[in-house]
Amino acid sequence: MKTLQTKFCNVTFPSPLISVSGIVTSPQANAVLAKEKGIGAITWKSVSLRERKSHPVPVVVPYSSGYINSVGLQNPGLEQAAKDILHIKKQIRVPLIISIVAFQISEFYPLALGVAKTRPDFIEINLSCPNVDDEAGKPFGTDLLMTTLAIQEVKRAAGDIPVIAKLTPNVVDITEFARAAEEAGADAISAINTSGPGLLIDVSKRKPKLGHKIGGISGKAIKPLALRCVYEIAKTVNIPIIGIGGVSTGEDAIEMIMVGATLVGVGSAIFGVGNSIFPKIAQQMQDIMEKHHIRDLKSIKKCID
Ligand code: RRO
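Quantities reported herein were computed from a predicted structural model and do not represent experimental measurements.

Trainee: I'd love a proper account of the sheet that holds strand β11 (residues 195–199), names of residues and values included.
Mentor: Strands belonging to one sheet form pairs held by backbone hydrogen bonds; the direction of such a pair is parallel or antiparallel. One open sheet holds the four strands; their spatial order is β5-β6-β14-β11, and the pairing between them is antiparallel. Each of the sheet's edge strands pairs with one partner strand only, and the pair in question is β5 (60–63) and β11. Here the average twist between neighbouring strands, direction ignored, is 35 degrees. Judged from the three bridges that link them, β11 and strand β14 (residues 214–218) form a sheet pairing that is antiparallel. Within β14, the position partnered with Ser 195 by the bridge is Ile 217.

Trainee: Any chance you could break down the packing of helix α5 (residues 174–183) against helix α6 (residues 223–236) for me, citing the residues and the numbers?
Mentor: One can describe the packing of α5 onto α6 by two numbers: an axis separation of 9 Å at closest approach and a directional angle of 45 degrees. Accordingly, the angle class assigned to the pair α5 and α6 is oblique. The hand of the α5/α6 crossing is right-handed. Only Arg 228, Cys 229, Glu 232, Ile 233 and Thr 236 of α6 make contact with α5, whose side of the interface consists of Ile 174, Thr 175, Ala 178, Arg 179 and Glu 182. Counted by class, the contact of α5 with α6 contains four nonpolar, two polar and four charged residues.

Trainee: Break down helix α4 (residues 144–158) for me, with residues and values.
Mentor: Under the 1.5 Å per step criterion, the end-to-end length of α4 is 21 Å for 15 residues, consistent within 8% with the ideal 21 Å. Along its buried surface, α4 packs onto β7 (96–100), α3 (105–116), β8 (122–126), β9 (163–166) and α5. Sitting at the head of α4, Asp 143 places a side-chain oxygen 2.9 Å from the backbone nitrogen of Leu 145. Gly 159 lies just past α4 and shows a positive phi near 60 degrees.

Trainee: Can you break down the environment of Lys 2 residue by residue, with the values?
Mentor: Note on placement: Lys 2 falls in the segment before β1 (6–8). The exposure class of Lys 2 is partly exposed, given its relative accessible area of 22%. Along the primary structure Lys 2 and Asn 275 are separated by 273 residues, whereas in three dimensions their C-alpha atoms are 22 Å apart. What Lys 2 contacts, discounting residues up to four positions off in sequence, is Gln 286, Met 289, Glu 290, Ile 294 and Arg 295. Side-chain polar atoms of Lys 2 contact the backbone oxygen of Ile 294, separated by 3.4 Å.

Trainee: Give me the lowdown on the UniProt feature "binding site: substrate" (unreviewed entry) in the chain, citing residues and values where you can.
Mentor: What UniProt calls "binding site: substrate" (unreviewed entry) maps, in this numbering, to Lys 45, Asn 69, Ser 70, Val 71, Gly 72, Leu 73, Asn 126, Asn 193 and Thr 194. Relative to the helices and strands, Ser 70 resides in the loop between β6 (66–69) and α2 (78–89). Other than its neighbours up to four places away in sequence, Ser 70 contacts His 55, Val 59, Leu 210, His 212, Ile 214 and Gly 215. The topology assignment puts Asn 126 in strand β8. Looking at Asn 126, the relative accessible area reads 11%, which means it is buried. Ignoring any residue separated from it by four or fewer positions in sequence, one finds Asn 126 in contact with Ser 46, Ser 99, Ile 100, Val 101, Lys 166 and Asn 193. At 3.2 Å, the side chain of Asn 126 and the side chain of Ser 46 are in polar contact.

Trainee: Would you mind going over the sheet that holds strand β15 (residues 241–244) in detail, with residue names and values included?
Mentor: Spatially, β3-β16-β15-β10-β9-β8-β7-β4 is the arrangement adopted by the eight strands of the open sheet, whose pairing is parallel. Strand pairing shows two members of the sheet lacking a second neighbour, β3 (17–19) and β4 (42–47), which therefore form its edges. The mean inter-strand angle of the sheet, taken between neighbouring strand axes irrespective of direction, is 25 degrees. Judged from the four bridges that link them, β7 and β8 form a sheet pairing that is parallel. Bridged to Ile 98 within β8 is Ile 123. Across the sheet, α6 is in contact with β10 (188–191) and β15; its angle to β15 comes to roughly 165 degrees. Lying on the sheet, helix α7 (residues 250–258) is in contact with β3, β15 and β16 (263–266); it crosses β16 at an angle near 140 degrees.

Trainee: Break down the pairing of β9 for me, citing the residues and quoting the values.
Mentor: What you see with β9 is no split at all: Val 163 and Ala 165 on one side and Ile 164 and Lys 166 on the other are buried throughout. The sheet contact formed by β8 and β9 spans four bridges and is parallel. Across the sheet, Ile 125 pairs through a bridge with Ala 165, a residue of β9. In this structure, β9 lies alongside β10, joined through three bridges in parallel fashion. For Ala 165, the partnering residue across the bridge sits in β10 and is Ile 189. With α5 bridging β9 and the parallel β10, this β-α-β connection has right-handed handedness.

What counts and what doesn't
- Residues numbered from 1 in each chain as written.
- Predicted model: local features only at pLDDT ≥ 70, side-chain atom pairs only at ≥ 80, totals over all residues.
- Heavy atoms only, no water.
- Pairing = 2+ DSSP bridges.
- Helix = DSSP H or I, 4+ residues; strand = E, 2+ residues; numbered from the N terminus.
- Axes fitted to C-alpha atoms, helices over the stretch in contact; angles between N-to-C directions.
- Parallel < 35°, antiparallel > 145°, perpendicular 65-115°, else oblique.
- Left-handed = near helix turned anticlockwise from the far one by under 90°.
- Contact = heavy atoms within 4.5 Å.
- Nonpolar A, V, L, I, M, F, W, Y, C, P; charged D, E, K, R; others polar.
- Expected span 1.5 Å × (residues − 1).
- Polar contact = N/O pair within 3.5 Å; in protein donor to acceptor, adjacent residues only side chain to side chain.
- Buried < 20%, exposed > 50% of the residue type's maximum accessible area, 1.4 Å probe, protein only.
- UniProt positions renumbered as here; feature names shortened; annotations may be inferred.
- Right-handed = clockwise from strand over helix to strand, strands pointing away.

What follows is the structure, encoded as structure tokens:
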């Protein structure tokens, strides 16, 4: 049996397959997911300084090529999240990545400091949230200066905890943002967050299917976009990458590693299949490795010119 064990930022992961932020939201459900065979790490739903309620339902809608969502950054806020994290940390044996989200640059330092006190293995900065510092309401991750400032603030608070910058694909040149993230001190990059936003219409009701009308596109539809982004980022920076977007099979995961990812995020497929998607993808990866004489995952990483 080929090993899937993977080193990422000097932390050992039992598998490169990790849950992405925002799919499994309740603390206890994450503790259950962490026990699944083939899972390498858990990523927590983005935490903000203060509690946020969800957008009007439905907040996630499936369609023929994936999903669109507009959950609205629903989370209980830092104080409650810190208690939840400390409680769940005792129950899980895989690395824990805590995602954070802020609406002004000045929020990042106190937020990251509060999260760092819970001693997660990683802090991930979600740079694709609405940015109320900016009148246009753009996510931080579409502005190079904001990307730099957000990462610098989180790095200042995180101490020895490695920081991952989660990039949005909704920019003209994602490599500029990857370079800015590396130069600002990010220890790793995750890419991509949802694409779009998109819109689906219910013809019978003559209205949008999502309660919030528009939302991020995920799942199968964005796999080629994610592969292209990871490919370009891997050519640009020297820090490791978590490849995210439309992964639901072992072949998808191997493709992500071939274009330069070290870890591979699984998101929408958890909605579709449930927690058993992890042992399923892990087994398929091992079968592909056997069939194609792949010694280990390191030997195929970034093998595409
Ligand atoms: O909560 C959301 O609506 C959400 C978040 Br924080 C995110 O990062 N990406 C997304 O598609 N939805």
